[in-house]
Amino acid sequence: MSAKLFLQAVQARTYPRLAWLYRSNSWMIQETVLPVLAVSAFAYAYRAMEAPQAYTGFLVLGAAMTTFWLNVLWGMGAQLYWERDSGNLELYVMSPAPMIAILTGMALGGMTTTIIRATAITVAGVLLFDVPIDPSSWWLLALGFVVTLAALYGLGMLFASVFLMWGREAWHLIALLQEPIYLMSGTNFPVSVLPRAVAVVASAIPLTLGMDAMRQVLFRVTGLFDVWTELSVLGSLAVVFFFVARCSLRRLERRAREEGKLTVRWQ
């Protein structure tokens, strides 16, 4: 596999998601205004209880980062399943471009559109609710954000192959991994308030450690673990997820070409 072919495949699969930004203008209202309304309900509840202002910041950051989790589930995890139904998956498998390059393009395109959505939610939340922004280190905050995205989208690539192999059962998995994750990851509250054993198990979800690390840097609060420990775990998860996803996609491609099977469980 040449680097040129890999980059061309990434560019080709990234373009449709970037083009969607300026071809569908109605997405801005649906993807930014409605999530801010959901955050507002919790924000006013915290204000009524006279909770610390940082808790409102937890909400805003949680709403922004949740958009990436949803994109991982629907824009990455279920994408190959949808591509199979639309007839494009056969073209991907038969093309000389590797599947990992195609999924990398999907990840970059989805990441770009989701960053815009998350930025809009963050700016609106900060301005509407006067969230204090005083990070201990901008560089550490940026590092936490990048490492969290790497781990999340590595997991998304793994989901893409696993969900495709499981066929219709993927929908049940997506439902299982959507709503309960809001609780396990501490979307609307600090994860450290969960029982210690539950919080440690939830650390296997990149969203949990990523938000906890960024909250520590942004609002100077005590988290589940110290920031560098959480970033180290996130980096390790990113490497593991990418490696396993690569192996899974290779097996999927080989099975598709040799046996013509894409939705049968591994034996």
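As the structure is a computational prediction, the values presented were derived from the model and not from experiment.

A.B. asks: Quick question: what am I supposed to make of the pattern of salt bridges here?
C.D. replies: Charged atoms that come close allow side chains of opposite charge to pair. Per the counting criterion, the structure on display carries one salt bridge. The residue Arg 220 makes a salt bridge to Asp 134 at a minimum N-O spacing of 3.5 Å. Taken together, the residues Arg 220 in the loop between helix 11 (206-219) and helix 12 (227-259) and Asp 134 in the loop between helix 6 (99-129) and helix 7 (138-166) connect sequence positions 86 residues apart.

A.B. asks: Looking at this model, I keep getting lost on the nonpolar core. Mind explaining?
C.D. replies: Soluble globular proteins tend to bury their nonpolar side chains together. Trp 69, Leu 80, Leu 103, Leu 152, Tyr 153 and Leu 207 are the most contacted members of the largest nonpolar core, which totals 66 residues. Those elements giving two or more residues to this core turn out to be helix 2 (27-48), helix 3 (53-77), helix 5 (89-94), helix 6, helix 7, helix 11 and helix 12. The element that contributes the greatest number of residues to this core is helix 7, accounting for 15 residues. Apart from the residues within four sequence positions on either side, Trp 69 is in contact with Leu 152, Leu 155, Phe 159, Leu 177, Gln 178, Ile 181, Ile 205 and Leu 207.

A.B. asks: How should I be thinking about unusual backbone geometry in this particular structure?
C.D. replies: Glycine aside, residues mostly have negative phi, and peptide bonds are mostly found in the trans state. Its identity is not glycine, yet Asp 130 carries a phi of approximately 55°, on the positive side. Structurally, Asp 130 can be placed in the loop between helix 6 and helix 7. For Asp 130, a relative accessible area of 60% gives the class exposed.

A.B. asks: Help me out: how do you make sense of helix 3 in this one?
C.D. replies: Residues separated by three or four positions in an α-helix point in the same direction, a consequence of the helix having 3.6 residues per turn. In this model helix 3 runs 35 Å from its N-terminal to its C-terminal C-alpha over 25 residues, within 8% of the 36 Å that 1.5 Å per residue would give. Taken as a whole, helix 3 carries its principal kink of about 30° at Asn 71.

A.B. asks: How do you make sense of the packing of aromatic side chains when you look at a structure like this?
C.D. replies: The description of an aromatic ring pair rests on the distance of the ring centres and on the angle between the ring planes. Under the counting rule described, the total for this entry stands at six aromatic pairs. On the basis of an interplanar angle of 80° and a centroid distance of 5.7 Å, the ring pair of Tyr 44 and Phe 129 is categorised as edge-to-face. Of the two residues, Tyr 44 is situated in helix 2 and Phe 129 in helix 6; the sequence distance between them amounts to 85 residues. A centroid spacing of 5.3 Å and a plane angle of 35° characterise the contact between Tyr 55 and Phe 58, whose relative ring orientation is tilted. Pair noted here: Tyr 55 and Phe 58 are both in helix 3, with a separation of three residues, about one helical turn. A relative accessible area of 28% means that Tyr 55 is categorised as partly exposed. For Phe 58, a relative accessible area of 3% corresponds to the buried category. Through a chain of ring-to-ring contacts, three or more aromatic side chains come together here, namely Tyr 46, Tyr 55, Phe 58 and Phe 219.

About the cut-offs
- Residues numbered from 1 in each chain as written.
- Predicted model: local features only at pLDDT ≥ 70, side-chain atom pairs only at ≥ 80, totals over all residues.
- Heavy atoms only, no water.
- Salt bridge = Lys/Arg side-chain N within 4 Å of Asp/Glu carboxyl O.
- Helix = DSSP H or I, 4+ residues; strand = E, 2+ residues; numbered from the N terminus.
- Core = buried A, V, L, I, M, F, W, Y, C linked by side-chain atoms within 4.5 Å.
- Buried < 20%, exposed > 50% of the residue type's maximum accessible area, 1.4 Å probe, protein only.
- Contact = heavy atoms within 4.5 Å.
- Expected span 1.5 Å × (residues − 1).
- Bend = angle between axes of the 7 residues up to and from the residue.
- Phe/Tyr/Trp six-rings, centres within 6.5 Å; stacked < 30°, edge-to-face > 60°.

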